[in-house]
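# Summary of structural features
Given next are the chains, with one letter for each unit.
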Amino acid sequence: MTVIGTRSDRRETTAAGRRGLRLRILATSDLHAHLLPFNYFADRPDHGVGLSGLAGLIQRARAACPNTLLFDNGDTLQGAPLADAALADLMPRGQDHPMIAVMNALGYDAATLGNHDFDFGLGALHQALSVARYPVVLANVDWLDADPGPVQRRKMLERTVTDAAGNGHPLRIGVTGAVPPQVMRWARAHLEGRIAVHDILPAVRREVATLRAEGADLVIVLAHSGMGHDTDPADGENVGRLLSRIDGVDAVIAGHTHRAFPRPGDATGPLGGTPLVQPGCWGSHLGQIDLDLGPATAGSTARWRVLGSEAALIPLAGIGAEDRADLWQRLKPMPGLQRQILRSHRATRVYAARTLGRTAVPLETYFSLIAPCAATQVIADAQRAAIAPVLRDRPELAHLPLVSATTPFKAGGRGGPAHYTDVPAGRVLLRHAADLYGFSNGLILLKATGAQLREWLERSASAFFRVVPGPADLARPLIDPAFASYNFDRLDGLRYEIDLSQPARTSAEGDVTHSGPGRIRNLRLSDGRPLCDTQTCLVATSAYRAAGGGRFSAAQACETIHESTDPVRNALMAHFAAHQDGLDPVVEPSFTFTPLGGAPVILHTGPGAAAYPQRIRDLGLVPDGVEDDGFARYLMKI
């Protein structure tokens, strides 16, 4: 078993502490309905993902430490075709949600919810959670006219633990959780008037204090929130660091941003002595925190205190076949559940293989960050088609230009060299649509000014490193690997240049780092007319982006004209179905790079790009081998 990125925070290392009581905390996060080691988008096995693959690691970690707790940090029920099949086929037939069934079998101690767990609405959420045999905790949600179901603000876990000498001791572990308050904007059509979501920090601080007053020996926070920064506001989306500094918190599980922490080379700064892990996504890692406990000091209401801690990640990619088979060994005494998992797998493959239509051209995202492509064009066209009936009913909007904002959801970066969409020409299946658009975001129509659209594009332009002209042997990488490709919005209906000689206005994460002129040049409408700052356009986009998701403050500032709970992906499926003779999208030349005299850069993309030699030639790319991390390397000039 490989352990990476170990981080130790020894607050009091004593011989008694080393011989005393050790509590092990295991954590998963952002599983996104990846249950089995199978890529339903490509319809082939994938041993780098899946909760079932982590089962062996969980068993091994438990065997090494008798005092072990297992938690999940949310975004569990949505994201892969299994989630759609569960909603459409499995749960309506009375079957338990496959993710919940397996989490029950693995013996989870508690979980929280992520923002995407609300994507299908509260009814579907409560139906899925109704069979959970573990508590679900959320500190910052008030249930208004909605039934909270099994969700509670906090939970006190009563456990008997053993010390190094084999003696048993009672231990009270308080657990609470939190979800980003921005979920009220991202899923407003489902949630408005039914629940209220408050800022994370004050809500967690309140529940921690209550748990301590109720006699908790330890408090663990399940925060579906990224690590963030020390200076983030209280209403921030990613506040993991700040949570670790709350008095009374002994461990934090972070998530949401799909990062893996700790990893070798992380320059994260101090975490205040409180251990924190963030276990990646899709089952890529198992988070582990070990707490060494000793008797509490005199006068404390708790019986135990933390003497030292160690946080680490265990990667799924490092396990062998015997570990991957461990779940099935664990399920042997439960043949009914074993059969259900296999039925779920078969049902998902059948569901994902439904034919939607045809495409005359491949829909791939290997080059989507350097040039407009057919994959993003199809999404842009589908959004336009879905918005057309709205505009027919609103003649006062007919004179406004319509822009369609779309993004390549899978285009490498921290997702790895296989994280690309590659739909071949020919029959389009439901799994292809899910691959092109992996989230259940509703479709929104906004009204935006030219100034807002310019700022919108500036955020997308932070995908790239700054380019300084120089000799060919000094070529530098073009794309910042820390940038999430789903934040690279292409505004179809506009024409613009990206000037990479200028510094980006924001970091890859969206923090404002520069106040200069920015990178967007020659911003025009599709007919060539300049788009001035005061001119108004309509923008078809997702509910996530319209709410500022991805740190797009310009999108959040726009006026909402129309919103729908119908996901964009449904519009995409309908678009394929309406073109049974085959889609052949006309790719609009939305953006180009401002010429910099042939400045040399390196494009890193997936090795599958080699299957498109004509596209490579058209873009002026020169193959230059494959990096150790699996990304293909191409030379290009700007």
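In case you missed it, the structure is sitting above this.
All of these numbers come straight from a predicted model, not from anything done at the bench. (Residues numbered from 1 in each chain as written. Predicted model: local features only at pLDDT ≥ 70, side-chain atom pairs only at ≥ 80, totals over all residues. Heavy atoms only, no water.)

### Remarks on the pairing of strand 29 (residues 536-542)
Strand 29 sits mainly inside the fold: 6 of its 7 residues count as buried. As paired strands, strand 21 (residues 402-406) and strand 29 are joined by 3 bridges and run parallel to one another. Pairing of Val 403 across the sheet is with Val 539, part of strand 29. Examined bridge by bridge, strand 24 (residues 442-449) and strand 29 share 7 bridges and lie antiparallel to one another. When the bridges of strand 29 are listed, Leu 446 appears paired with Val 539. (Buried < 20%, exposed > 50% of the residue type's maximum accessible area, 1.4 Å probe, protein only. Helix = DSSP H or I, 4+ residues; strand = E, 2+ residues; numbered from the N terminus. Pairing = 2+ DSSP bridges.)

### Points about the sheet that holds strand 13 (residues 218-223)
Overall, mixed pairing links the 6 strands, which are arranged 10-11-13-14-16-15 in an open sheet. Each of the sheet's edge strands pairs with one partner strand only, and the pair in question is strand 10 (154-162) and strand 15 (260-261). In this sheet, strand 13 lies alongside strand 11 (residues 168-178) in parallel orientation, the contact comprising 6 bridges. Opposite Thr 176, over in strand 13, you have Val 221 as the bridge partner. Running over the sheet, helix 8 (residues 200-213) touches strand 10, strand 11 and strand 13 and is turned about 160 degrees from strand 11. (Contact = heavy atoms within 4.5 Å. Axes fitted to C-alpha atoms, helices over the stretch in contact; angles between N-to-C directions.)

### Side note on unusual backbone geometry
The step from Phe 261 to Pro 262 runs through a cis peptide bond, and the omega angle for that step is 0 degrees. A positive phi angle, near 55 degrees, is found at Asp 75, a position not held by glycine. With respect to the helices, strands and loops of the structure, Asp 75 is situated in the loop between strand 5 (68-72) and helix 3 (81-90). The exposure class assigned to Asp 75 is buried, which follows from its relative accessible area of 1%. Phi at Arg 551 takes a positive value of approximately 65 degrees, unusual for a residue other than glycine. Taking the relative accessible area as the measure of exposure, Arg 551 reaches 37% and is therefore partly exposed.

### Points about the pairing of strand 32 (residues 600-605)
For strand 32, the tally of buried residues reaches 5 of 6 residues, placing the bulk of the element in the interior. Note that strand 25 (residues 476-477) and strand 32 share 2 bridges and pair parallel. Looking at strand 32, one finds that Arg 476 is bridged to Val 601. Both strand 32 and strand 34 (residues 632-637) contribute to a ladder of 6 bridges, which runs antiparallel. When the sheet's bridge partners are listed, His 604 is paired in strand 34 with Arg 633.

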